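# Close look at the chain arrangement
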Amino acid sequence: MIPRRHISPVLLASVVVIATSGLVYELIAGTVASYVLGDSVAQFSFVIGLYLFAMGLGSYLSKFLETRLLERFVEIELAVALVGGASAPILFAVYAAQGAFRVALYSLVIIVGTLVGLEIPLLIRLLEFRLKLKDLVARVLALDYVGALVASLLFPLVLLPKIGLHKTSLVVGMLNAVVAFIATFLMPIDRGTRFRLRAECVVITAALGFGMVYMDQGLLRAETLYFGAPVIYAHQSPYQRIVITQSPRTTRLFLNGNLQFSSDDEQRYHEVLVHPAVSALGRAPRRVLILGGGAGLAARELLKYPELASIHMVDLDPAMTKGFR
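Structural notes, computed from the coordinates. Here the residue numbers are simple positions, counted from 1 along each chain's written sequence. Since the coordinates come from a predicted model, pLDDT governs what is reported: local features require at least 70, and pairs of side-chain atoms require 80 or more to be given and counted, while whole-chain, interface and lining totals use all residues. By convention in this description, side-chain values take in all heavy atoms of the structure and omit both hydrogens and water.

## So, the packing of aromatic side chains
Two aromatic rings from Phe, Tyr or Trp, using only the six-membered ring of Trp, form a pair when their centres are within 6.5 Å; if the ring planes differ by under 30 degrees the pair is stacked, by over 60 it is edge-to-face, and anything between is tilted. Inspection of every chain in the model, using the stated rule, returns 7 aromatic pairs. Consider the rings of Tyr60 and Phe64, whose centres lie 5.8 Å apart with planes at 80°: the pair is edge-to-face. Residue classification places Tyr60 among the partly exposed positions, given a relative accessible area of 48%. Remark: exposure states derive from per-residue accessible area (1.4 Å probe, protein chains only) relative to the maximum for the residue type, with buried under 20%, exposed over 50%, and partly exposed in between. Take Phe64: its relative accessible area is 52%, and that puts it in the exposed class.

## Re the environment of Asp190
With respect to the secondary-structure elements, Asp190 resides in the loop between helix H6 (133-183) and helix H7 (191-227). Measuring from C-alpha to C-alpha, the distance between Asp190 and Phe46 comes to 43 Å, with 144 residues separating the pair along the chain. Two N or O atoms count as a polar contact when they lie within 3.5 Å, although within protein this holds only if one can serve as hydrogen donor and the other as acceptor, and sequence-adjacent residues are included solely when both atoms are side-chain atoms. Within polar-contact distance, the side chain of Asp190 engages the backbone nitrogen of Gly192 at 3.3 Å. For Asp190, the side chain forms a polar contact with the side chain of Thr193, separated by 2.8 Å. Here a strand is any run of E in DSSP of at least two residues, a helix any run of H or I of at least four, and the numbering for each starts at the N terminus.

## Points about helix H2 (residues 40-61)
What a helix is expected to span follows from its residue count: subtract one and scale by 1.5 Å. Taking 1.5 Å of rise per residue, 22 residues should cover 32 Å, and H2 covers 31 Å from first to last C-alpha, within 8% of that figure. Looking only at H2, the buried set comprises Ala42, Gln43, Val47, Tyr51, Ala54 and Gly58. The arc that holds every buried residue of H2, seen down its axis, measures 150°, which confines them to one face. Looking at H2, the residues exposed on the side facing more than 90 degrees away from the buried face are Val41, Leu52 and Phe53. For this quantity, the arc is that covered by the directions from the helix axis to the C-beta atoms.

## Considering the packing of helix H3 (residues 69-85) against helix H5 (residues 101-127)
Each axis is a line fitted through C-alpha atoms, and for a helix only the stretch in contact is used; angles between axes span 0 to 180 degrees, taken between their N-to-C directions. Contact geometry of H3 with H5 gives a least axis separation of 9 Å together with a crossing angle of 150°. Judged by the angle between their axes, H3 and H5 are roughly antiparallel. Between H3 and H5 the crossing geometry is left-handed. Here H3 contributes Leu69, Leu70, Arg72, Phe73, Ile76, Glu77, Ala79, Val80, Val83 and Gly84 to the contact with H5, which in turn contributes Leu108, Ile111, Val112, Leu115, Val116, Leu118, Glu119, Leu122, Leu123, Arg125 and Leu126. Lys, Arg, Asp and Glu make up the charged group, whereas Ala, Val, Leu, Ile, Met, Phe, Trp, Tyr, Cys and Pro make up the nonpolar group; the residues left over, Gly among them, are polar. The residue makeup of the contact of H3 with H5, split by class, is 16 nonpolar, 1 polar and 4 charged. To sort the angles, those under 35 degrees are grouped as roughly parallel, those over 145 as roughly antiparallel, those from 65 to 115 as roughly perpendicular, and the leftovers as oblique. Rotating anticlockwise by less than a right angle from the far helix to the near helix defines a left-handed crossing, while the corresponding clockwise rotation defines a right-handed one. Only heavy atoms matter for contacts: two residues are in contact if any of them lie within 4.5 Å across the pair.

Dropping the structure here:
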């Protein structure tokens, strides 16, 4: 068991992890919703509002937990690890299967938000005999906000671009399971309960780790099923998920699940985009700036003019220009 003098710092450190993971789950839900349903402002507003409401509900429900608080905390943390960690894969599976996506989305937001809302009140009650109330509230809330800052920086700058949306969900779930495992060392509990809780920690961590190993294969199969053609390229950039499919008839580009072009008819769009504008000049331009157009198809049409000296193309997402180069 962890020495008593270390219990308070360990529990306070758990606040940062809980706040970080909680906000990451919220960002994951909002990102998936904006990918699938569009209108990112509305989707993030709905998800954030519902998530905060669910946290308030969880905080209220915490008053009904009166005994064996450490055991309850570990169990709730494991539930967060399992449901939150699997949230992105579950949502994408429902989406790919063309199921009731909104029902799954808002149900998961309510469940995860309620569980996270239960955690902070329980931690405060576990610490109330070790710190004065004013110090306890100040430290817990301060660390809670620090965790939110950490999540808001890590998610867009590191987690999403480096490991992708689905693996981020699984990794953060594993982190919650590790916090639950450490918590089993904090206070004396009977041997049978300790063994059960640690076994659950190991099983949930292993399940999420198994998902990490096979996530790419599962995601590829789900996307192939959803898009109706073999996926030949898939990449998660900081801005969007880029998927290219290829069948005997056509090659298609999808951004966040939305069709951007199909090779069997894209020329109709890009020819009309470029050639009338060039004709309006009365002569072929020497220099051209393309804003957007990372796939290079507008540039392809411009290269039909031998008088052209240079093309500068600017796209928000470097992954687009790199992928199509």
